[in-house]
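Notes for the structure review
For reference, the chains in residue letters:
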Amino acid sequence: IYVVSTARTRTDVEFIALALLAGMALESLLILLTYATGWSPSFLGLKNRSDAGEFSGRAGGTVGSPNSAAAYLCLMVPLGIGVLVSSAGGWLRRVALAAVPLGIIALLATESRGGWISFAISVAIIGIWAIRRGLLSARTATVLAVGAAALVIAFWGPITQRIAGNDNGSASSRISMIKLASKMIEAHPVLGLGVNNVGINIPVYAGPQFDGQWLYTIHDKYLLVWAEAGIFALIAFLWFLGVTLRRGWRSIRAGDPLLSPIALGLTAGVVGQLVHMGVDTFQAQAQVEGLWLVAALIAAIHLMTRRQRAQSR
């Protein structure tokens, strides 16, 4: 509400984007430092959430779990890419140039498969749109693709291990939790079980067929909302996401050399998050607040571009 009410100018948008990208650059450095050395910044009052015993060496930095850190990066890195294909200059472009590669490398260090898929979708959206609109030349796109390939080769071991290696039933457990959510929804389709009540009700709905399965709060945001708060809450949540995407699409089509590419990055990040929500609880503070902040910034840009169109008439 604050962002939508106060961000009225292009300078406001640039300032918010600068702050977000600077924060991502610093967090990415912490993620990479802890990933490479296991060092913990606890003496600064910060918590390193990359404990090897809990996450098998995956990096989460100070954001939270590796999956939460990946979701955060998957919102911020597309913003940085949007800045780079926009007409932005000065400190905003310089910070984006530093933050984007750091964020991509940090995302690889999280070893989050959902995050990798989310980011690939976001980048594909930005790349296709930028090339079609002439914001990104084919030559530059080729150079970026080569750079991305080099990063993948550098992290080839962890990537193949996460994709093809033993994940201790993490992927298959998603299917079990979907089945468990279906049983809960079937019993309470309208009002749900109540917020935060899914976890404590697992013993009630998990019968013998779930023996040997890793069961936790449902790793599907849409089913989790339905199971906790009912069908009307799910409709409201989907409506919020749909309105955000519609505002983003309209802002992108406005053709503003600064605001439209930034809206492109933000909207592409949200689209990627929609996919990531299908395999994660999406309850961490960084995930929820990040999504709302991005939605607010998209809404603010939408108001600016709509005002510009009205004035041009």
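Numbering of residues begins from 1 in every chain and follows the order in which that chain's sequence is written. Owing to the predicted nature of the model, reporting of local features is limited to residues with pLDDT of at least 70; listing and counting of side-chain atom pairs is limited to 80 or more, with chain, interface and lining totals taken over all residues. Here the side-chain values reflect all heavy atoms present in the structure, with hydrogen atoms and water set aside.

1. Brief notes about the pattern of salt bridges
The term salt bridge refers to a side-chain nitrogen of Lys or Arg lying within 4 Å of a carboxyl oxygen of Asp or Glu. Going through the model one piece at a time under the given rule, you end up with one salt bridge. A salt bridge links Asp256 to Arg10; the nearest nitrogen and oxygen atoms lie 2.6 Å apart. Remark: Arg10 occurs in helix H2 (residues 10–37) and Asp256 occurs in the loop between helix H12 (231–253) and helix H13 (259–276); sequence separation between them is 246 residues. Exposure is judged per residue with a 1.4 Å probe applied to protein chains only, and the accessible area is read against the type maximum: over 50% gives exposed, under 20% gives buried, and values in between give partly exposed. A relative accessible area of 8% means that Asp256 is categorised as buried. A run of H or I in DSSP becomes a helix once it reaches four residues, and a run of E becomes a strand once it reaches two; helices and strands are each numbered from the N terminus.

2. Considerations on the packing of aromatic side chains
Aromatic rings from Phe, Tyr and Trp, taking only the six-membered ring of Trp, are treated as a pair when their centres fall within 6.5 Å; an angle between ring planes under 30 degrees marks them as stacked, one over 60 as edge-to-face, and anything in between as tilted. According to the stated counting rule, one finds three aromatic pairs in the structure shown. For the ring pair Tyr222 and Phe237, a centre distance of 6.2 Å and an interplane angle of 45 degrees mean the geometry is tilted. Here Tyr222 is found in helix H11 (residues 221–229), whereas its partner Phe237 is found in helix H12, with 15 residues between them in sequence. A single burial state applies to Tyr222 and to Phe237, both of which are buried. Between Phe240 and Trp292, the aromatic rings sit 4.4 Å apart at their centres with planes inclined by 20 degrees, giving stacked as the arrangement. Here Phe240, found in helix H12, pairs with Trp292, found in helix H14 (residues 285–312); they are 52 residues apart in sequence, far enough to count as distant.

3. As for the environment of Thr217
Inspection of the secondary structure puts Thr217 in the loop between helix H10 (202–205) and H11. Thr217 sits in the buried class, given a relative accessible area of 14%. When the C-alpha positions of Thr217 and Leu180 are compared, they lie 9.8 Å apart, and in sequence the two are 37 residues distant. Apart from residues lying up to four places away in sequence, Thr217 is in contact with Met177, Gly199, Ile202, Leu224, Thr281 and Gln283. Contact between two residues is taken to exist if any of their heavy atoms lie within 4.5 Å; hydrogens are not considered.

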